[in-house]
Amino acid sequence: MRRLFYLASLALMPMLAIAGDKATVLSGSAKFIVEEASTATMEFDFSNAVVEEEKTIDEYLTGRGEDFVRDWPQVQSDVVDYTAVIFNKKNKNGMQIVNGGTVQYKIVVHVTAIDFGSTASAIVNSVVGFGGPKKGGASMSGIIEVLDASTNQSLCQVQINNIKGMGTWTGETGRLKALMKPMTNKFLAAAKKS
C-alpha cells in the first residue's frame with residue numbers, strides 16, 4: 001500500500017508543480033534577461049485589463065473620481081520606477097531597467113486582470129490578525145513581454161497568474177507597488193528556469 005501511495009505521489013508531483021507556478025514562460029527563452037548585461041525600458045499596458053472581474057480600467061478610475069483619472073499616468077510612472085529599483089537590485093548581473101536613452105529591450109507588462117485590494121480588509125487584518133499578510137492586497141494576472149527595442153519583435157512572453165501583494169493601508173497606489181516585488185521575483189524565477 002505504501003508503495004502504491006509513493007508511486008501515485010511521484011506521478012502527481014509534476015502536475016502540482018505546474019499548478020503552483022505563478023509565472024510560466026509561454027514563448028521564447030527568457031534566460032537572456034538574467035544572463036546578459038543589457039538595458040530595457042518598462043511600461044504597463046492596462047488597455048485590456050479587467051478590474052475587479054467586471055470593469056475596464058477607465059470605468060474603474062472614473063468610478064473612483066476625477067482625481068484618480070487625473071493621477072493615473074503619474075501612478076503608472078511611479079510603479080515603473082518602483083519596479084525598476086526592485087528588478088535592478090534582484091538582477092544585478094543581468095538586464096537593468098532604465099528610464100530612457102538607448103536600450104536593447106523593452107519590457108511590456110500586459111495586465112489582463114487586476115484587483116486593487118481593499119484598505120478595509122488590510123486594516124482589519126493588521127488590527128485583528130486574520131487572513132495573513134496578503135489579506136486586502138492587490139492581485140494581478142497578465143503577460144510580461146520582452147521585445148527587441150530596435151525591431152519591436154517579441155523575444156519572449158511570460159504569463160503571470162494571480163500574483164498577490166501585501167495588504168497595506170496606503171490605498172491603491174501602495175497596494176499596486178506592494179504587488180511589484182512578488183511579480184518581479186516570479187518573473188525572474190521563470191526566466192532562470194527557461
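Since we're looking at a predicted model, the values are computed, not measured. (Residues numbered from 1 in each chain as written. Predicted model: local features only at pLDDT ≥ 70, side-chain atom pairs only at ≥ 80, totals over all residues. Heavy atoms only, no water.)

Peer 1: Account for the pairing of strand 5 (residues 105-115), with residues named and values stated.
Peer 2: In the sheet, strand 2 (residues 39-45) pairs with strand 5 via six bridges, with the strands oriented parallel. Counterpart to E43 in the pairing with strand 5 is V108. Alignment of strand 3 (residues 50-51) against strand 5, held across two bridges, turns out to be parallel. Looking at the pairing, V51 lines up with I114 of strand 5. (Pairing = 2+ DSSP bridges. Helix = DSSP H or I, 4+ residues; strand = E, 2+ residues; numbered from the N terminus.)

Peer 1: Please give an account of the pattern of salt bridges that cites residues and values.
Peer 2: As enumerated under the stated definition, the model contains three salt bridges in all. Here K55 and E52 are joined by a salt bridge, their closest N and O atoms 3.4 Å apart. When its relative accessible area of 27% is taken as the criterion, K55 is described as partly exposed. Taking the shortest distance from any N to any O, the salt bridge between R70 and D71 comes out at 2.9 Å. Judged by relative accessible area, which is 32%, D71 ranks as partly exposed. Linked through salt bridges whose partners overlap, the residues forming this network are D67, R70 and D71. (Salt bridge = Lys/Arg side-chain N within 4 Å of Asp/Glu carboxyl O. Buried < 20%, exposed > 50% of the residue type's maximum accessible area, 1.4 Å probe, protein only.)

Peer 1: Summarise the environment of T112; cite the residues concerned and give the values.
Peer 2: Counting through the fold element by element, T112 comes out in strand 5. For the pair T112 and M140, spaced 28 residues apart in sequence, the C-alpha to C-alpha distance is 7.7 Å. What T112 contacts, discounting residues up to four positions off in sequence, is N48, A49, V50, S141 and G142. (Contact = heavy atoms within 4.5 Å.)

Peer 1: So, helix 4 (residues 66-90): which residues are in play, and what are the values?
Peer 2: Here helix 4 is 25 residues long and its end C-alpha atoms lie 36 Å apart, about the 36 Å a rise of 1.5 Å per residue gives. Along helix 4, the sharpest change in direction is near 50 degrees and occurs at W72; proline P73 comes one to four residues later. Close packing links the buried residues of helix 4 with helix 2 (31-35), strand 2, helix 3 (57-64), strand 4 (96-97), strand 5 and helix 6 (171-193). (Expected span 1.5 Å × (residues − 1). Bend = angle between axes of the 7 residues up to and from the residue.)

Peer 1: So what about the packing of helix 4 against helix 6? Which residues, and what values?
Peer 2: Contact pair helix 4 / helix 6: the axes reach a minimum separation of 9 Å and the direction vectors enclose 35 degrees. Judged by the sense of rotation from one axis to the other, the crossing of helix 4 with helix 6 is right-handed. For the pair helix 4 and helix 6, the contacting residues are F68, W72, V75, D78, V79, Y82, T83, I86, F87 and K90 in the first and E172, T173, L176, K177, M180, K181, M183, T184, N185, F187 and L188 in the second. For the contact of helix 4 with helix 6, the residue count by class is twelve nonpolar, four polar and five charged. (Axes fitted to C-alpha atoms, helices over the stretch in contact; angles between N-to-C directions. Left-handed = near helix turned anticlockwise from the far one by under 90°. Nonpolar A, V, L, I, M, F, W, Y, C, P; charged D, E, K, R; others polar.)

Peer 1: How would you sum up the confidence of the model for the protein chain? Please name residues and give values.
Peer 2: For the protein chain, per-residue confidence averages 82 on the pLDDT scale, and 78% of positions sit at 70 or higher. For the stretch residues 1-19, pLDDT sits under 50, and the model shows zero contacts to residues farther than four places along the chain or on other chains. (pLDDT = per-residue confidence, 0-100.)

Peer 1: Pulling in residues and values, what's your account of the nonpolar core?
Peer 2: Grouped together as the largest cluster of nonpolar side chains are 45 residues, with contacts concentrated most on I33, F44 and M140. Of all the secondary structure elements, the ones that give two or more residues to this core are helix 2, strand 2, helix 3, helix 4, strand 5, strand 6 (139-148), strand 7 (154-164) and helix 6. Sort the elements by how many residues they give to this core and helix 6 lands first, with eight residues. Not counting residues within four places of it along the chain, the set of residues in contact with M140 comprises F44, V109, V111, A113, I114, I160, N161, N162, I163, L179, M180 and M183. (Core = buried A, V, L, I, M, F, W, Y, C linked by side-chain atoms within 4.5 Å.)

Peer 1: Tell me about the packing of aromatic side chains, residues and numbers included.
Peer 2: Tallied over the entire structure, the rule returns six aromatic pairs. Ring geometry for F44 and F46: centres 6.1 Å apart, planes at 20 degrees, overall stacked. Residue classification places F46 among the buried positions, given a relative accessible area of 6%. Taken together, a centroid distance of 5.0 Å and an interplanar angle of 70 degrees make the contact between F46 and W72 edge-to-face. A residue pair is termed long-range when its members are at least 10 positions apart, and F46 in the loop between strand 2 and strand 3 and W72 in helix 4 qualify at 26 residues. Here F46 matches W72 in class, with each residue buried. One aromatic cluster is present, formed by F44, F46, Y60, W72 and F116 through successive ring pairs. (Phe/Tyr/Trp six-rings, centres within 6.5 Å; stacked < 30°, edge-to-face > 60°.)

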